[in-house]
Amino acid sequence: MVWIATNPFGEWLAVPAGGDGDKGGNEAPSPEQSPPRSEKRAQTSPETSTELDLATDRLAIVDSMLQQRDINFCSLGPSLDPGHTTLICPLIVASSGRLSCSALVEAGDVDSARAATECLLKISNLGGGRGEKEGENGGEPSPPHLAGGLGNFRFCSSSCVTTVPFFPAARSPNLLEEIDVGFAVGLENGGFVRRLLEEAKSVANVRKAFHAEMREELTVVASSDRSVNCLGMYTSVNPSLDEGGSIAEAIESLAESVPDVLTTGYCGLMIPVLTDGWRSSRRGWRKRVRRIDRLVCGVGVDTVPVPGDVDVGDLASLILDVAALAGRWDKPLSCRIFPVPGGRAGSRTDFGSPYMCDSEVFDL
């Protein structure tokens, strides 16, 4: 399956033809006026309806190209500016079920965290509440990819992420200055992990089993001839929705690296709530884990449903906590939260998505 990730969308999506993504088509500031060299201020926030219209038109073109090629996942990279986060990110998610994006939040960046919070709350309400999911209230039914708060499947905050084939945080470098166009390999290896654990039979044998067999499987791809630059392999222990693909069922603590394999992205133990069917279905498990800060895994906090009336300050604090962890350990992490319109702690989601299972709503 081919998924695509671009450089940060602020460099091309709303930039007029012939313009410069770093300057927004305007005259460059003098050295005295220029801010410190930082990725976060490389974009100009969209301030005119013309820019928004341009972004809408280009999103339609991208979506049409993806549809023609039967590609269902395309990440347009991160927002590097709070203005883009609140205005453009909801537009991207609303425009198509094929498109996703993220918002860069660095440790201590309160403005970006609040913008990401505002964005995800906007997205959660794009599809209305549960009563509007099937159009029961007399209105048109919501697009399937937005119904019931599902739009946040395609948006997250991200921290310390450079290149990673994990959506929606997936991205390529800025303006492709660092590398040529390339590819990375991501895995859904829950079934494979389960088999290795069954073969290991004891904790003492786990490391040997994983290093030997996983290395053998991964080096086949890593050593193959190719004409396109390989950015690395995403070696995280990662669940799938297939039968026997649950990581939570197979393993509760493993995040080993694989020697001699070029890696990219999070590369840790992934146990996201809404993409691990065994984990999401265990009510007793939820009683033991009542707080979201206990749900941090190798990717950060991922696919966690929360009440639709969640406090904005609490949500921004959670995003900042994840960004602080990423900065402290220099490790890519992201935060993907699903405020469920009309949902309350303990109630159950009803997304109807082929990419996720349903779960109880968590306290924040």
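Conventions we followed
- Residue positions are given per chain, counting from 1 as you read along its sequence in written order.
- A pLDDT threshold of at least 70 governs which residues receive local features in this predicted model, and a stricter bar of 80 or more applies before side-chain atom pairs are shown or counted, although totals over entire chains, interfaces and linings include all residues.
- In computing side-chain properties, one takes all heavy atoms of the structure into account and sets aside hydrogens as well as water.
- Here a strand is any run of E in DSSP of at least two residues, a helix any run of H or I of at least four, and the numbering for each starts at the N terminus.
- Categorising residues by exposure relies on relative accessible area from a 1.4 Å probe, with only protein chains included: less than 20% of the type maximum marks a residue as buried, more than 50% marks it as exposed, and the intermediate range marks it as partly exposed.
- Note on contacts: a residue pair qualifies if any of its non-hydrogen atoms lie within 4.5 Å across the two residues.
- Throughout, the Shrake-Rupley method with a 1.4 Å probe supplies accessible areas, and for residues the shown protein chains are the sole cover considered.
- For two strands to be treated as a pair, DSSP must find no fewer than two bridges joining them.
- Fitted lines through C-alpha atoms give the axes, limited to the stretch in contact for helices. The angle between two N-to-C directions lies from 0 to 180 degrees.
- With respect to orientation, any angle under 35 degrees is reported as roughly parallel, any angle over 145 as roughly antiparallel, any angle of 65 to 115 as roughly perpendicular, and every other angle as oblique.
- Should the near helix be turned anticlockwise from the far one by less than a right angle, the crossing is left-handed, and should it be turned clockwise, the crossing is right-handed.
- For this classification, Asp, Glu, Lys and Arg are treated as charged, while Ala, Val, Leu, Ile, Met, Phe, Trp, Tyr, Cys and Pro are nonpolar and the rest, including Gly, are polar.
- Only buried residues count toward a nonpolar core, which is a set of Ala, Val, Leu, Ile, Met, Phe, Trp, Tyr and Cys residues joined through side-chain atoms within 4.5 Å.
- Per-residue confidence from the predictor is given as pLDDT, running between 0 and 100.
- Disulfides are defined as pairs of cysteine sulfur atoms found within 2.5 Å of each other.
- By convention, a stacked pair of Phe, Tyr or Trp rings (six-membered ring in the case of Trp) has centres within 6.5 Å and planes under 30 degrees apart, an edge-to-face pair has planes over 60 apart, and any other such pair is tilted.
- A ring is scored as having a charge over it whenever the NZ atom of a lysine or the CZ atom of an arginine sits within 6 Å of its centre and within 35 degrees of its normal.
- One side-chain nitrogen of Lys or Arg within 4 Å of one carboxyl oxygen of Asp or Glu is enough to make a salt bridge.
- Every helix has an expected span of 1.5 Å times one less than the residues it contains.

(A) Representation of the overall build of the chain within the structure. Across its full length, the chain carries 9 helices and 8 strands. Residues counted as buried form 51% of the 364 residues belonging to the chain. Taking contacts inside the chain between residues at least 6 apart in sequence as the whole, the part at least 24 apart equals 78%. Carbon and sulfur atoms make up 49% of the accessible area of the chain, which amounts to about 17300 Å² in all.

(B) Region of the structure containing the sheet that holds strand 3 (residues 99-104). Across the sheet, which stays open at both edges, the 6 strands sit in the order 1-2-3-4-8-7 with mixed pairing between neighbours. Every interior strand has two partners, whereas the edge strands, strand 1 (4-5) and strand 7 (300-307), have only one. Running at roughly 130° to strand 3, helix 1 (residues 49-68) makes contact with strand 1, strand 2 (74-79) and strand 3 of the sheet.

(C) Region of the structure containing the packing of helix 1 against helix 2 (residues 82-95). Closest axis-to-axis distance for the helix 1/helix 2 pair is 10 Å, and the angle between their directions is 30°. By the angle class used here, helix 1 and helix 2 are roughly parallel. For helix 1 against helix 2, the interelement crossing comes out right-handed. Here Leu52, Ala55, Thr56 and Leu59 of helix 1 lie close against helix 2, whose contacting residues are Ile88, Leu91, Ile92 and Ser95. Residues of the contact of helix 1 with helix 2, tallied by class, amount to 6 nonpolar, 2 polar and no charged.

(D) Structural view of the nonpolar core. Within the largest apolar cluster, 41 residues are counted, with the highest numbers of intra-cluster contacts made by Phe9, Ile92, Leu99, Phe155 and Ile337. Listing elements by their share of this core, those giving two or more residues are helix 1, strand 2, helix 2, strand 3, helix 3 (110-124), strand 7, helix 9 (312-329) and strand 8 (333-340). Looking at this core, the element that brings in the most residues is helix 9, giving 7 residues. Excluding residues that lie within four positions of it along the chain, Leu99 makes contacts with Leu59, Val62, Leu66, Cys74, Leu76, Ile92 and Arg154. Core analysis: the next-biggest nonpolar cluster, separate from the first, contains 12 residues, Phe192, Val193, Ala200 and Val206 among them.

(E) Structural view of the confidence of the model for the chain. Of all residues in the chain, 66% have pLDDT values of 70 or greater, and the mean over the chain is 75. Segment residues 22-46 is flagged for pLDDT under 50; beyond a separation of four residues in sequence, or across chains, it makes 43 contacts in the model.

(F) Summary view of the state of the cysteines. The final tally for this structure, using the stated rule, is 0 disulfides. Not part of a disulfide, Cys89 finds its nearest cysteine sulfur in Cys101, a span of 3.7 Å. Here Cys89 falls in the buried class, since its relative accessible area comes to 0%.

(G) Structural detail: the packing of aromatic side chains. One pass over the full model with this rule turns up 6 aromatic pairs. Here Phe73 and Tyr355 contribute two aromatic rings whose centre-to-centre distance is 4.9 Å and whose plane-to-plane angle is 75°, an arrangement assigned as edge-to-face. Of this pair, Phe73 sits in the loop between helix 1 and strand 2 while Tyr355 sits in the segment after strand 8; the two residues are 282 residues apart in sequence, bridging distant segments of the chain. According to the relative accessible area criterion, Phe73 is buried, its value standing at 5%. In this structure Tyr355 comes out as partly exposed when scored by relative accessible area, which is 33%. Ring plane angle 55° and centroid distance 5.7 Å describe the contact between Phe338 and Phe351, whose orientation is recorded as tilted. Of this pair, Phe338 sits in strand 8 while Phe351 sits in the segment after strand 8, and the two are 13 residues apart along the sequence. In terms of burial, Phe338 and Phe351 fall into one category: buried. The ring of Trp329 has Arg328 sitting right over it, with the charged end atom 4.3 Å from the ring centre.

(H) Representation of the pairing of strand 6 (residues 229-234). Of all 6 residues in strand 6, 5 are buried; the element is thus mostly enclosed. Relative to strand 6, strand 5 (residues 182-186) runs parallel, the two being bridged by 5 bridges. Looking at strand 6, one finds that Val185 is bridged to Met233.

(I) Expanded view of the pattern of salt bridges. Inspection of the entire model under this criterion finds 3 salt bridges. Note that Arg98 is salt-bridged to Asp63, the shortest N-O span being 3.0 Å. Linking Arg98 in the loop between helix 2 and strand 3 with Asp63 in helix 1, this pair joins segments that are 35 residues apart in sequence. Neither residue differs from the other here; Arg98 and Asp63 are each classed as buried.

(J) Focus on helix 1. Here helix 1 contains 20 residues, and its C-alpha end-to-end distance of 29 Å stays within 8% of the 28 Å for a straight helix at 1.5 Å per residue. Elements in contact with the buried residues of helix 1: strand 1, strand 2, helix 2 and strand 3. Just beyond helix 1, the residue with positive phi is Asp70, at close to 55°.

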